[in-house]
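# Secondary and tertiary structure notes
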Amino acid sequence: MKPVQTIPLDYYLTLGIVAMEGRGFEYPSDSFVAENDRIYVTNKSRDYGERGVRVTILDMDSDYFGTFGHYGISEGQLISPAGITGDANGNLYVTDDYTSMVSQFDLEGNFIQRWGSNGSNKDEMQSPSGIAIGNDGLVYISDTKNHRVQIFTPAGDLVSAMGSQGHEEGQFNLPWGVDVGLDGNISVADWGNSRIQRFDSNGDHIETISSVQAGQNQLNHPSSVVVDSSGNQYIADWGNETVKVLNRSSELIQEIRGQATLSKWASAFLETNREEGLSRENANLNDLSSLEDTEDPHTVSAHIEKLFWSPVSVKLQKEARLLVTESNRHRIQVYEVGGSN
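What comes next concerns the included structure. Not measured: the values here are computed from a predicted model.

Okay, the overall build of the chain next. The number of helices and strands found in the chain is three helices and 26 strands. Taking 20 Å as the expected radius of gyration for a compact globule of 341 residues, we find that the chain reaches 19 Å, a close match to that expectation. With the C-alpha coordinates aligned to their principal axes, the bounding extent of the chain is approximately 55 × 55 × 35 Å. Sorting the 341 residues of the chain into buried and exposed places 55% on the buried side. A separation threshold of at least 6 residues defines the contact pool for the chain, and within that pool the share at least 24 residues apart is 47%. Of the charged side chains in the chain, 25 are positive and 48 negative, and the gap between their average positions amounts to 3 Å.

Here it is in structure tokens:
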């Protein structure tokens, strides 16, 4: 077996704290770093809870800039925000997997327009999730329950679609995350088929990745993928509670389980709420002795605070940092990208 190469993907910091409203996250589903270096985080809340749904705005220093897109069906409101991205003109696009619509906002959170309708016909969607903007300015969306990727203009006019339900090359089963590289190649986290599929800019199939490191490590319902300019692939392996880094030859070069520390927001909360802070200091947050099954990644992640627990999204900030959004711990772990292969 070839030795595993290493890429210096080093832990940097943690962002966020659980909060049903205002400063914080509640079941975050995705994040996006805009050109203004502000981070936009979509929050689903629990069971379509009215208070938790929003888009939170912050930066890497944990400065807080407010929220928008709160719960509701009117223009500018969201029921279940799933994915978020932005274009070169300062526009944000948010998919809503409940209404099957895409809402467009500016970087201050002001509503611009929305489009889309629920259904299975051409240009209709069912539970759209991942969303990305290509260099061509087009909007690529994982039309999850229609098992396809649809491509729209920024105004919502259908350009083309790719895929159908199935297990063959070019087919999908509940696709989730989608990424469009600088070369125009399209990567799709084919969640239900536990694989990543890659296509060229014409939609022709290039590669299927279902296992890494000589087939010894099967992907388990990956939820997100992003590819850098050197061809390195960063995969949120949701079912295995890990993030995997593959080189341009799709060889595993690094795998991380999570290294979270307290965020600024969490530290401030514990300083103010001393009883909770003292309880935390007396707790062993790395203790697995009471667990019967320490092989199950979900069980382990639920008990060890620093580890990823439901890593749903990976996004790059100017290829210098990788943001890993964790739904079940209501936070983002940030890693510095120190090199490429």
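Let's shift gears to the nonpolar core. Of all hydrophobic cores here, the largest spans 15 residues; its most connected members are L9, Y234, V243, V314, L322 and V324. Secondary structure elements with two or more residues in this core: β21 (233-237), β22 (242-246), β23 (252-256), β24 (311-317), β25 (321-326) and β26 (331-337).

Think of an α-helix as turning once every 3.6 residues; residues three or four places apart then point the same way. Of the positions making up helix α1 (residues 264-272), those classed as buried are W265, A266 and L270. End-on, the buried residues of α1 take up no more than an arc of 130°, which puts them together on one face. Away from its buried face, by an angle of more than 90 degrees, α1 presents the exposed residues K264, E271 and T272.

Inspection of the entire model under this criterion finds twelve aromatic pairs. Between F105 and F111, the ring centres sit 6.0 Å apart and the planes meet at 75°, which makes this aromatic pair edge-to-face. We classify F111 as partly exposed; its relative accessible area is 27%. Considering the side-chain rings of W176 and W191, the 6.2 Å spacing of their centres and the 65° angle between planes classify their relative orientation as edge-to-face. Pair noted here: W176 is in the loop between β13 (158-162) and β14 (178-180) and W191 is in the loop between β15 (186-190) and β16 (195-199), with a separation of 15 residues, a long-range link. Overall, the relative accessible area of 23% leaves W176 in the partly exposed class. Taken together, the aromatic side chains of Y40, F68, F105 and F111 make up a single cluster linked through ring pairs. Here the basic side chain of R38 rests over the ring of F65, its NZ or CZ set 3.7 Å away from the ring centre.

Procedures and definitions
- Residues numbered from 1 in each chain as written.
- Predicted model: local features only at pLDDT ≥ 70, side-chain atom pairs only at ≥ 80, totals over all residues.
- Heavy atoms only, no water.
- Helix = DSSP H or I, 4+ residues; strand = E, 2+ residues; numbered from the N terminus.
- Rg over C-alpha atoms; globule rule 2.2 N^0.38 Å.
- Buried < 20%, exposed > 50% of the residue type's maximum accessible area, 1.4 Å probe, protein only.
- Contact = heavy atoms within 4.5 Å.
- Lys, Arg positive; Asp, Glu negative; His and termini not counted.
- Charge placed at Lys NZ, Arg CZ, Asp CG, Glu CD.
- Core = buried A, V, L, I, M, F, W, Y, C linked by side-chain atoms within 4.5 Å.
- Arc of directions from axis to C-beta.
- Phe/Tyr/Trp six-rings, centres within 6.5 Å; stacked < 30°, edge-to-face > 60°.
- Lys NZ or Arg CZ within 6 Å of the ring centre and 35° of its normal.

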